[in-house]
Amino acid sequence: MPIRLVIVDDHPVVRDGLRGIFAGDDAFEVVGEAADGPEALVVALRTAPDVVLLDLRMPKMSGAEVIRRLREQAPGVRVLVLTTFDDDTDVLPAIEQGATGYLLKDTPRAELCRAVRAAARGETVLSATVAGVLADRARACGPHATGPRASGPRALSRRELEVLGLVARGATNREVASRLFVTEATVKTHLLHVFAKLEVNDRAAAVAAAYENGLLGPGAAG
């Protein structure tokens, strides 16, 4: 079955371009479009897509708020942010609200299609620039500076850090398994342990929490 996709951007030219990219690939089906946050919610709830491709700064409602409401009203829908903004005031709220991934609009076409496939599987996709923003935030704030947990996160094992480091660089479960010579089931188990220790619910939030608490940094996955 094709991946059902909703495109949300307040610029018609951008929506037209994105629709053209996916319309030419049988692996995708664009089931709806929206030009602002409220319309995005209506379209997503009506069409039940697999992935919402979402700009962040739009009229009437911010992208972060759209993500939050979708998480509450349609938790099975994955949100992949596609925007021009890469500073931490945009990146962190989107990830904290539950975005599955975060890409910039200069992402090549083939990479964008791969990212949508990964997002549909629930896998985290972060551009290198965004991963760098998270790392910079961690260095600037220091361990535990921004985390909500009074006692900080539970320690991750070396293997858990290896898995999370690869995920932070955009690797899929299959790629992590191949890199570490383990099964995909083992990777999933490690991630479940990571989620529990960091008190998060998904891969993107785990990556953000790890950077914020100084558990990951540039090149941590080797």
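For the structure itself, look to the data block above.
Residues numbered from 1 in each chain as written. Predicted model: local features only at pLDDT ≥ 70, side-chain atom pairs only at ≥ 80, totals over all residues. Heavy atoms only, no water.

Caption draft 1: Quick look at the packing of aromatic side chains. Within this structure, the stated rule accounts for one aromatic pair. Ring centres 5.0 Å apart and planes at 70° place the aromatic pair F22 and F28 in the edge-to-face group. (Phe/Tyr/Trp six-rings, centres within 6.5 Å; stacked < 30°, edge-to-face > 60°.)

Caption draft 2: Summary view of the packing of helix α7 (residues 158–168) against helix α9 (residues 184–198). With their axes 9 Å apart at the nearest point, α7 and α9 run at an angle of 95° to one another. When the axis of α7 is compared with that of α9, the two are roughly perpendicular. Every residue of α9 that contacts α7 at R159, E160, V163, L164 and V167 is listed here: V187, H190, L191, H193, V194, K197 and L198. (Axes fitted to C-alpha atoms, helices over the stretch in contact; angles between N-to-C directions. Helix = DSSP H or I, 4+ residues; strand = E, 2+ residues; numbered from the N terminus. Parallel < 35°, antiparallel > 145°, perpendicular 65-115°, else oblique. Contact = heavy atoms within 4.5 Å.)

Caption draft 3: Local environment of helix α5 (residues 109–120). Taking 1.5 Å per residue, 12 residues should reach 16 Å; α5 reaches 17 Å between its end C-alpha atoms and fits that length. For α5, every residue scored as buried is listed here: L112, C113, A115, V116, A118 and A119. Residue G122 follows α5 closely and has a positive phi angle near 85°. (Expected span 1.5 Å × (residues − 1). Buried < 20%, exposed > 50% of the residue type's maximum accessible area, 1.4 Å probe, protein only.)

Caption draft 4: Broad picture of the pairing of strand β5 (residues 101–104). Every second residue of β5 is oriented toward a common face, with G101 and L103 on one face and Y102 and L104 on the other, all of them buried. By the bridge criterion, four bridges tie strand β4 (residues 78–83) to β5 in an arrangement that is parallel. Bridge pairing in β5 places V81 opposite Y102. Direction of pairing for β5 relative to strand β6 (residues 125–126): parallel, over a ladder of two bridges. Bridge assignment links Y102 to a residue of β6, and that residue is L126. As for the winding sense of the linkage, the β-α-β connection from β5 through α5 to β6 is left-handed. (Pairing = 2+ DSSP bridges. Right-handed = clockwise from strand over helix to strand, strands pointing away.)

Caption draft 5: Expanded view of the sheet that holds β4. If you trace the six strands from one edge of the open sheet to the other, you get β2-β1-β3-β4-β5-β6, paired in parallel fashion. Since the sheet does not close on itself, it has two edges, and those belong to β2 (28–34) and β6, each with one partner. Helix α1 (residues 12–23) contacts β1 (3–8), β2, β3 (51–54) and β4 of the sheet and is inclined by roughly 165° relative to β2. Its contacts with the sheet put helix α2 (residues 37–47) on β1, β2 and β3, and the angle it makes with β2 is roughly 145°.

This is a description of form; function is not addressed.
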